[in-house]
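# Observations on the model geometry
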Amino acid sequence: GRLTPGELAGSYRAAQVLLHTAAYEGYGLVLAEAAQTGLPIVSTDVGIAREVGALIVLAVPAKIASALEQQLLSPQPTSFRPISAQVYLTTIFNYWSQLVVLV
């Protein structure tokens, strides 16, 4: 169900890693939210995954499992790149502006 902003932030803080395996993502709000909280991200190469520093993987179970293991066992996850609220809002604005032009 729908979460309040506080519940959503708490969910991200309670997680050890975000796994995002979408085949397509126009932007990736969940990626931006996770990055804003500093949560390490393992993702396919979609949306803003590269911009937020996600560990990019192919959608192959063995590759995903290896990347998750790498993140969970590492004392310093490699995909950690938190973004500020200003960068988060600017990125959303820029992506939506581009999408409106395309439609």
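Residues numbered from 1 in each chain as written. Predicted model: local features only at pLDDT ≥ 70, side-chain atom pairs only at ≥ 80, totals over all residues. Heavy atoms only, no water.

### Observations regarding the overall build of the protein chain
Heads up, the rule is: Runs of H or I in DSSP of at least four residues are treated as helices and runs of E of at least two as strands, each being numbered from the N terminus. Burial classes follow relative accessibility: with a 1.4 Å probe on protein chains only, a residue under 20% of its type's maximum area counts as buried, one over 50% as exposed, and anything between as partly exposed. For every accessible area listed, the method is Shrake-Rupley and the probe measures 1.4 Å; residues are considered covered only by the protein chains on display.
The helix and strand tally for the protein chain stands at four helices and three strands. Counting only residues that meet the buried cut, the protein chain has 35% of its 103 residues in that class. A total accessible area of about 6500 Å² is found for the protein chain, and carbon and sulfur atoms account for 62% of it.

### A word on the confidence of the model for the protein chain
The test is simple: pLDDT runs from 0 to 100 and stands for how confident the predictor is about each residue.
Per-residue confidence for the protein chain averages 82 on the pLDDT scale, and 74% of its residues sit at or above 70. For the protein chain, the element scoring lowest by mean pLDDT is helix 4 (residues 85-102), at 63; strand 1 (residues 18-20) scores highest, at 95.

### Structural notes on the nonpolar core
For the record, the criterion: Buried residues of nine kinds, namely Ala, Val, Leu, Ile, Met, Phe, Trp, Tyr and Cys, make up a nonpolar core once their side-chain atoms join them within 4.5 Å.
Grouped together as the largest cluster of nonpolar side chains are 13 residues, with contacts concentrated most on Leu-18, Leu-31, Ala-34, Leu-39, Ile-41, Ile-48 and Val-52. Ranked by residue count, the leading element in this core is helix 2 (residues 29-37), at four residues. Grouped together as the second largest cluster of nonpolar side chains are six residues, Leu-55, Val-57, Ile-64 and Ala-67 included.

### Remarks on the sheet that holds strand 1
How we decide: Two strands qualify as a pair provided that DSSP identifies no fewer than 2 bridges between them. Contact definition: two residues touch when any of their heavy atoms are within 4.5 Å. In this description, a line fitted to the C-alpha atoms serves as the axis of each element, helices being fitted only across the stretch in contact, and the angle between N-to-C directions of two axes falls anywhere from 0 to 180 degrees.
Strand order across the open sheet formed by three strands is 1-2-3, with parallel pairing between neighbours. What marks the edges here is a single partner per strand, and that holds for strand 1 and strand 3 (55-56). By the bridge criterion, three bridges tie strand 1 to strand 2 (residues 41-43) in an arrangement that is parallel. Along strand 2, the bridge assignment pairs His-20 with Ser-43. Each of strand 1 and strand 2 is contacted by helix 2, which is oriented at about 160° to strand 1, the strand it contacts most.

### Some remarks on the pattern of salt bridges
Applied cut-off: One side-chain nitrogen of Lys or Arg within 4 Å of one carboxyl oxygen of Asp or Glu is enough to make a salt bridge.
Applying the stated rule across the entire model yields one salt bridge. The salt bridge involving Arg-50 is made with Asp-45; its shortest N-O contact spans 3.1 Å.

### Section: helix 2
Along an α-helix, residues three or four positions apart point the same way, because every turn accommodates 3.6 residues. Three or more residues of helix 2 are buried, namely Leu-31, Ala-32, Glu-33, Ala-34 and Ala-35. Just beyond helix 2, the residue with positive phi is Gly-38, at close to 85°.

### Quick notes on the side chain of His-20
This is how the line gets drawn: Identification of polar contacts relies on pairs of N or O atoms within 3.5 Å, with a donor-acceptor requirement for protein atoms, meaning one able to donate a hydrogen and the other able to accept it, and with residues adjacent in sequence counted only if both atoms are side-chain atoms.
By the secondary structure assignment, His-20 is in strand 1. At a separation of 3.2 Å, a polar atom in the side chain of His-20 contacts the side chain of Glu-25. Beyond its immediate stretch of four places on either side in the chain, His-20 contacts Glu-25, Val-30, Leu-31, Val-42, Ser-43, Thr-44 and Val-46.

### Describing the environment of Arg-13
In this fold, Arg-13 is placed in helix 1 (residues 5-14). C-alpha of Arg-13 to C-alpha of Thr-37: the two residues are 24 residues apart in sequence and 7.1 Å apart in space.

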